[in-house]
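Secondary and tertiary structure notes
Single-letter residue listing:
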Amino acid sequence: MSRLTIDKGLCILCGKCVEACPFDALELKDQVVVNENCRLCGICVKVCPVSALVIERGLSKTVDFDSYKDILVFAEQRGGRLSSVVLELIGKGRELADKLHQKLAVVIPGTNTESLVEKIKQYPVDTIYVYDHPELAYYRAETYTAVLEDLVKEIKPGILLVGATQVGRSLAPRLATRLKTGLTADCTILDVKPNGDLIQTRPAFGGNVMAQIITPKHRPQMATVRPKVMAPSALNTTYPTTVVLQEVKPTMLSSGISFLSIEPKPQETAITEAEVIIAVGRGLKKADDLILIESLAKELGGMVAVTRPLVEAGWCSYTKQIGLSGRTVRPKLIIACGISGAIQFVAGMSSSDVIFAINKDPDAPIFGVAHYGLIGDFYEILPALVNELKSSANL
Ligand code: FAD
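Residues numbered from 1 in each chain as written. Predicted model: local features only at pLDDT ≥ 70, side-chain atom pairs only at ≥ 80, totals over all residues. Heavy atoms only, no water.

**Things to note about the overall build of the protein**
Helix and strand counts for the protein come out as eleven helices and 21 strands. By its C-alpha atoms, the protein is 85 × 60 × 45 Å across when sized along the principal axes. Out of the 395 residues belonging to the protein, those deemed buried represent 46%. In the protein, the share of contacts with a sequence separation of at least 24, taken over all contacts with a separation of at least 6, comes to 63%. Carbon together with sulfur atoms contributes 53% to the accessible area of the protein, which is approximately 20400 Å² in total. One finds the centroid of the 43 positive side-chain charges in the protein at a distance of 3 Å from the centroid of its 42 negative side-chain charges. (Helix = DSSP H or I, 4+ residues; strand = E, 2+ residues; numbered from the N terminus. Buried < 20%, exposed > 50% of the residue type's maximum accessible area, 1.4 Å probe, protein only. Contact = heavy atoms within 4.5 Å. Areas by Shrake-Rupley, 256 points an atom, 1.4 Å probe, with all protein chains shown as cover. Lys, Arg positive; Asp, Glu negative; His and termini not counted. Charge placed at Lys NZ, Arg CZ, Asp CG, Glu CD.)

**Topic: the sheet that holds strand 8 (residues 104-110)**
Backbone-to-backbone hydrogen bonds pair the strands of a sheet. The strands run either parallel or antiparallel. Ordered by their spatial adjacency, seven strands build an open sheet running 11-15-10-5-8-9-16, and the pairing between neighbours is parallel. The sheet is open, and its two borders are formed by strand 11 (183-187) and strand 16 (242-245), each paired with just one other strand. Averaged over all adjacent pairs, the angle separating strand axes in this sheet is 20 degrees, with direction ignored. Relative to strand 10 (residues 159-163), strand 5 (residues 71-74) is paired through three bridges, and the arrangement is parallel. Note that in strand 10 the partner of I71 across the bridge is I159. The sheet contacts of helix 3 (residues 84-100) involve strand 5, strand 8, strand 10 and strand 15 (221-225), and relative to strand 5 the element is tilted by about 180 degrees. Across the face of the sheet, helix 6 (residues 166-179) comes into contact with strand 5, strand 10, strand 11 and strand 15 while running at roughly 170 degrees to strand 15. (Pairing = 2+ DSSP bridges. Axes fitted to C-alpha atoms, helices over the stretch in contact; angles between N-to-C directions.)

**Here's the deal with the sheet that holds strand 17 (residues 276-280)**
Overall, parallel pairing links the five strands, which are arranged 18-17-19-20-21 in an open sheet. Every other strand in the sheet has two partners, leaving strand 18 (303-306) and strand 21 (372-375) as the edge strands with one partner each. Pairs of neighbouring strands in the sheet enclose a mean axial angle of 20 degrees, with direction left out of account. Pairing between strand 17 and strand 19 (residues 333-337): five bridges, direction parallel. Across the sheet, residue I278 finds its bridge partner in strand 19, namely I335.

**Structural notes on the packing of helix 5 (residues 141-155) against helix 6**
Interaxial distance between helix 5 and helix 6 falls to 9 Å at its minimum, and their mutual angle equals 50 degrees. Here helix 5 lies oblique to helix 6, going by the angle between them. Along this stretch, helix 5 crosses helix 6, giving a crossing that reads as right-handed. Residue-level inspection shows A141, Y144, T145, A146, L148, E149, V152 and K153 of helix 5 in contact with helix 6, the latter providing S170, L171, R174, L175, R178 and L179. Its residues placed into classes, the contact of helix 5 with helix 6 shows eight nonpolar, two polar and four charged. (Parallel < 35°, antiparallel > 145°, perpendicular 65-115°, else oblique. Left-handed = near helix turned anticlockwise from the far one by under 90°. Nonpolar A, V, L, I, M, F, W, Y, C, P; charged D, E, K, R; others polar.)

**A word on the nonpolar core**
Counting 32 residues, the largest nonpolar core has V73, I90, V106, I108, I120, L161 and L190 as the members making the most contacts within it. Among the elements of the structure, strand 5, helix 3, strand 8, helix 4 (114-120), strand 9 (127-132), strand 10, strand 12 (189-192) and strand 15 are those that each provide at least two residues to this core. Not counting residues up to four positions away in its chain, the partners in contact with L190 are K92, L96, L161, L198, I199, Q200, A223, V225 and M230. By size, the runner-up hydrophobic cluster in this structure holds 27 residues, among which are Y129, Y131, L160 and L171. (Core = buried A, V, L, I, M, F, W, Y, C linked by side-chain atoms within 4.5 Å.)

**Overview of helix 6**
An α-helical turn contains 3.6 residues, so any two residues separated by three or four positions project in the same direction. For helix 6, with 14 residues, the first-to-last C-alpha span of 20 Å sits near the 20 Å given by 1.5 Å per residue. Restricting attention to buried positions, one finds in helix 6 the residues V167, G168, L171, A172, L175, A176 and L179. For helix 6, the buried positions fall inside an angular range of 130 degrees around the axis, keeping them on one side. Among the exposed residues of helix 6, those oriented more than 90 degrees off its buried face are Q166 and T177. Contacts from the buried residues of helix 6 go to strand 5, strand 6 (77-78), helix 5, strand 10, strand 11 and strand 15. The positive-phi residue at the C-terminal boundary of helix 6 is K180, with phi of around 55 degrees. (Expected span 1.5 Å × (residues − 1). Arc of directions from axis to C-beta.)

**Brief notes about the environment of D126**
Inspection of the secondary structure puts D126 in the loop between helix 4 and strand 9. Sequence-wise, D126 and V73 are 53 residues apart; in three dimensions their C-alpha atoms are separated by 11 Å. For D126, the residues in contact, after removing those within four places along its chain, are R94, K103, L104, Y239, P240, T241 and T242. One polar contact links D126 to Y239, side chain to side chain, over a distance of 2.8 Å. (Polar contact = N/O pair within 3.5 Å; in protein donor to acceptor, adjacent residues only side chain to side chain.)

**Quick look at the site of the ligand**
Around the ligand, the surrounding shell holds 27 residues, and the nearest of these are R282, T307, S325, S340 and N359. Within the contact set of the ligand, an oxygen atom lies 3.1 Å away from a backbone nitrogen or oxygen of L324. Here the residues of the shell around the ligand are counted per class, giving nine nonpolar, 13 polar and five charged. (Near = heavy atom within 4 Å.)

This is a description of form; function is not addressed.
So this is what it looks like as structure tokens:
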């Protein structure tokens, strides 16, 4: 553990450190006292005229690193259906495992897991660990955390990858706390150093910087990745996979939550699943004009999505928002109409196969990420495009 220490013999009680601290972590009493707000940012150390403050960095690793190796992916399922992010994590996990000359494992908690096992066996996974029990049919924070904790303590993976879904966002922090290790949420890029350190890249400070985070003193290294950020694994039906049935111990099943019934919500196709997206931004003058966007989406068999200002205006549901604080999409085609291309929007769509932008402003940043661009007013361009598509469909 690192900590800030103050040498009372040197301290002249000038108060400069207290004034400089951006977190109100220092108090001037009969001596300078550090409170729980301290983030170890080091500003106080720099301003102290007598070098009375020192950050003691804990240098010791918390576990025996040599005993932690291989990569483990959490296979999230709902009602026996595998979440699509699992195949994306398998793709990335395989790549990282090959780089490190290590193995890739997947853990499935669930019930009647045979079809899930068969599905995962079609991909290049070395080992599938199965915890099969009726009580594990649906996600419950306590039971799934206990299962994952059990496996991590047994097989000691160096890296553990979880989808940044609603389930993953609940499970991963609990598990990281239980395992006393670090967790980086919503990673957009993952890579490894030859020594096994996972380089976890994610947007920070509102998407204005890409932070690279490592977990140098703890194992396993835990990261969550949003769906659609990474490419799914290629099939490999001949890859030799071992399936290990794990014991579900009664202690793993204790939970304060019981299922009374499961009421599925009416199925709404998510923009994350769309192959074609017509996205619109603040160039839209009024909510009623969304009909223009919908008409093009209808012709192309696509879905409508929006930027955050349109959600904030109450013109569209949050589920249609693309971006850092919305959904990440990866369609075959996205047409961005009246969207400037702010970094927070681009973070949610830059992996799309083909990006087509329509904007009146030739200097709009969206043209920097677009494969094709049209400088002009989408109120004129879209009706012409819809007519063209309709008449070519009638040929
Ligand atoms: P604007 O930036 O106002 O751009 C409108 C564009 O439309 C302009 O380029 C203009 O030239 C063009 N235009 C106007 N009329 C026409 C026309 N008739 N024809 C053609 N072009 C026209 N934003 C998101 O979208 N998603 C997020 O998830 C998100 N998360 C955020 C998180 C944080 C922490 C913060 C701080 C911000 C976030 N934002 C997000 C907001 C983001 O910074 C931008 O403000 C937002 O993306 C801008 O939306 P816009 O492109 O629709 O609007």
